[in-house]
Amino acid sequence: MHPVVTAAARLAILRGPMAQIIDGKAVAAQVRSEVAKAARELAGRGIVPGLTVVRVGDDPASAVYVRGKRKDSEEVGFRSVEHHLGVTTTQIELMELVAQLNADPAVHGILVQLPLPKGLDERAVLEAIDPRKDADGFHPYNVGALSIGIPGPRPCTPAGIMRLLKTAGCDPRGKRALVIGRSNIVGKPMAMMLLEAHATVTVAHSRTTDLPAEVGRADILVAAIGKTELVKGTWVKEGAVVIDVGMNRLQGGKLVGDVEYAAAAQRARAITPVPGGVGPMTRAMLLVNTLELARAAHLPAT
Ligand code: NAD
C-alpha cells in the first residue's frame, strides 16, 4: 500500500525543501574523527578503549547493528570484542558473562544488544552491567544520573540529537520543545536532555488529545513514534527545527520517518532527513560513551 501523499506534500515536493537539511552522516563522521583523535592520545598513554558487545541468538537486524558498531569501534582504534551466544543461552549464563566483563579491566564499555530472545530477563541483565561500563546509558543508575545532572553515559540517540541541534545552531534555552514518544531509549531521555539545556519541554504520546496543536507550538520538534509520516508538514511551526527519529520501512524497502518530510521542510528552519539524520548519530555517540568510560576508568577527574 502506498502512503497517502497530501496536496501540501505534493506542492512541497514541487517547490523543493526550504529548510537547512541537517546532515547526520557528516556530523557523525566529524564525531568519529574527534573520537579517533582522542583515542590516539589515550593510546599514547597506554590506554585502549574497549567496547564489548554481547549478542544472544540470531536476530538478523541485531546482527547488522552489531556489525556496524564493531566496524565503527575498530575504525576509531578501539578494541572491539563480540560475544555471540546461542539462542538457548540461560539467564544464569548471560549474567555470568556480564559479571566476567564487569571484572575485566580491558573492558570499558559493555553493550547487550536488545531485544534478547524470549525467556531472558532484559531488565535484570541491564541492571547487572556495572554502571561505570554501561555503554548505552540504560542502567537505572545512569537514568537517575541524567535526571539529576550527574555526568555519565547518556542514551545514544538523544545524545546524538543534542549534537545535531548544536550543529544546526539551535540553542534550546528558552525554546518550546515538543518530544513525541515516551520510550525509555528515546523520548524520556530526550525530554530530560532538552530540559537540562533549558528548553520548556512537553512530552506527547499515544494518549495526547490534540497533537497538531502541540506540534504547532513547538520551536523544536523531536518525533520518536515509529509511524510513517504521522506528523503532517502543515502542523509544523514556521521556523521550527525538526528532528525525525522515526525509521519506518515501506513495502519495497524505502525508509521514511515519522514526519511528512517534504511538506515539513517548507515550514521548518532546519530538518533531519530519513535516512541520514539521526541514525548515523546514534552509532557515533556509542563511541563517545565508550571513550568517556575509558577516560573515567583511567584518568582522575579534571
Ligand atoms: P516505542 O515504540 O518504544 O515508542 C513509541 C512512542 O510513540 C510511544 O511512547 C507512544 O506513546 C508514542 N506514540 C505512538 N502512537 C502515537 C500517536 N498516534 N501520537 C503520539 N504519540 C504516539 O519507540 P522508540 O523505540 O522510541 O522508537 C520510535 C521510532 O524511532 C521507531 O521508528 C524507531 O525505529 C526509531 N528509532 C530510531 C533510532 C535511530 O537511531 N534513528 C533509534 C531508536 C529508535
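Read on for a plain summary of the structure. All of these numbers come straight from a predicted model, not from anything done at the bench. (Residues numbered from 1 in each chain as written. Predicted model: local features only at pLDDT ≥ 70, side-chain atom pairs only at ≥ 80, totals over all residues. Heavy atoms only, no water.)

A closer look at the overall build of the protein
So, step 1. What the protein contains, in helices and strands, is eleven helices and eleven strands.
So, step 2. The globule rule puts the C-alpha radius of gyration for 302 residues at 19 Å, and the 20 Å found for the protein is close to it.
So, step 3. Overall size of the protein, expressed as C-alpha extent along the three principal axes, is 60 × 45 × 35 Å.
So, step 4. Every one of the 302 residues in the protein was classed for burial, and the buried ones make up 46%.
So, step 5. Look at the contacts in the protein between residues 6 or more apart in sequence, and 72% of them connect residues 24 or more apart.
So, step 6. Here the protein has roughly 14900 Å² of accessible surface; of this, 57% comes from carbon and sulfur atoms.
So, step 7. With 36 positive and 29 negative side-chain charges, the protein shows a separation of 5 Å between the mean positions of the two kinds. (Helix = DSSP H or I, 4+ residues; strand = E, 2+ residues; numbered from the N terminus. Rg over C-alpha atoms; globule rule 2.2 N^0.38 Å. Buried < 20%, exposed > 50% of the residue type's maximum accessible area, 1.4 Å probe, protein only. Contact = heavy atoms within 4.5 Å. Areas by Shrake-Rupley, 256 points an atom, 1.4 Å probe, with all protein chains shown as cover. Lys, Arg positive; Asp, Glu negative; His and termini not counted. Charge placed at Lys NZ, Arg CZ, Asp CG, Glu CD.)

Brief notes about the environment of V259
So, step 1. Note on placement: V259 falls in the loop between β10 (255-256) and α10 (261-267).
So, step 2. Residue classification places V259 among the buried positions, given a relative accessible area of 1%.
So, step 3. With 38 residues separating them along the chain, V259 and L221 place their C-alpha atoms 9.9 Å apart.
So, step 4. What V259 contacts, discounting residues up to four positions off in sequence, is A223, E229, V231, V242, D244 and A264.

Some points on helix α3 (residues 60-75)
So, step 1. With 16 residues, α3 extends 23 Å from end C-alpha to end C-alpha; this agrees with the ideal 22 Å at 1.5 Å per step.
So, step 2. Considered for burial, the residues of α3 that qualify are S62, A63, V66, G68, K69, D72 and S73.
So, step 3. Where α3 terminates, the next one or two residues include G77, which has phi positive at roughly 90 degrees. (Expected span 1.5 Å × (residues − 1).)

As for the sheet that holds strand β3 (residues 79-85)
So, step 1. Ordered by their spatial adjacency, three strands build an open sheet running β3-β2-β4, and the pairing between neighbours is parallel. In this open sheet, the two edge strands, each paired with only one partner strand, are β3 and β4 (109-112). Each strand of the sheet is rotated relative to its neighbour by a mean of 15 degrees, with strand direction disregarded.
So, step 2. On top of the sheet, α3 reaches β2 (50-56), β3 and β4; it is set at about 160 degrees to β3, its chief contact.
So, step 3. On the sheet, helix α4 (residues 91-103) packs against β2, β3 and β4 and is oriented at approximately 180 degrees with respect to β2. (Pairing = 2+ DSSP bridges. Axes fitted to C-alpha atoms, helices over the stretch in contact; angles between N-to-C directions.)

A look at the sheet that holds strand β1 (residues 20-21)
Pairing between the strands of a sheet is mediated by backbone hydrogen bonds and can be parallel or antiparallel.
So, step 1. A sheet is described by the order of its strands in space; here six strands give the open sequence β1-β11-β8-β7-β5-β6, paired in parallel fashion. Only two strands of the sheet have a single neighbouring strand rather than two, namely β1 and β6 (200-204).
So, step 2. Across five bridges, the pairing between strand β5 (residues 176-180) and β6 is parallel. What sits directly across from A177, in β6, is V201.
So, step 3. Sheet strands touched by helix α7 (residues 156-167): β1, β7 (220-223) and β8 (241-244). Its angle to β8, the strand with the most contacts, is close to 150 degrees.
So, step 4. Docked against the sheet, helix α8 (residues 187-196) engages β5, β6 and β7, running at close to 170 degrees with respect to β5.

Examining the site of the ligand
So, step 1. Lining the immediate surroundings of the ligand are 22 residues, of which R182, S183, S206, M247 and T282 lie closest.
So, step 2. Here R182 contributes a backbone N or O atom positioned 2.8 Å from an oxygen atom of the ligand.
So, step 3. One of the backbone nitrogen or oxygen atoms of H205 is found 3.4 Å away from a nitrogen atom of the ligand.
So, step 4. A total of 860 Å² of accessible area belongs to the ligand in isolation, and the protein chains cover 73% of it.
So, step 5. With three residues, helix α11 (residues 278-298) is the single largest residue contributor to the shell around the ligand.
So, step 6. Residue classes in the shell around the ligand are distributed as ten nonpolar, ten polar and two charged. (Near = heavy atom within 4 Å. Polar contact = N/O pair within 3.5 Å; in protein donor to acceptor, adjacent residues only side chain to side chain. Nonpolar A, V, L, I, M, F, W, Y, C, P; charged D, E, K, R; others polar.)

So, the pairing of β3
So, step 1. Two elements, β2 and β3, share seven bridges in a ladder whose sense is parallel. By the bridge assignment for β3, T52 is matched with V81.
So, step 2. Note that the unit made of β2, α3 and β3 has a crossover that is right-handed. (Right-handed = clockwise from strand over helix to strand, strands pointing away.)

Focus: α4
So, step 1. The terminal C-alpha atoms of α4 lie 19 Å apart, and with 13 residues this matches the ideal 18 Å at 1.5 Å per residue to within 8%.
So, step 2. Each element contacted by the buried residues of α4 is listed here: β2, β3, β4 and α5 (122-128).

Structural notes on the nonpolar core
So, step 1. Ranked by internal contacts, the top residues of the largest apolar core, which has 47 residues, are I161, L165, L194, V222 and I243.
So, step 2. The leading source of residues in this core is helix α2 (residues 24-44), at eight residues.
So, step 3. In this structure, A19, L221, A240 and I271 belong to the second largest nonpolar core, which totals 18 residues. (Core = buried A, V, L, I, M, F, W, Y, C linked by side-chain atoms within 4.5 Å.)

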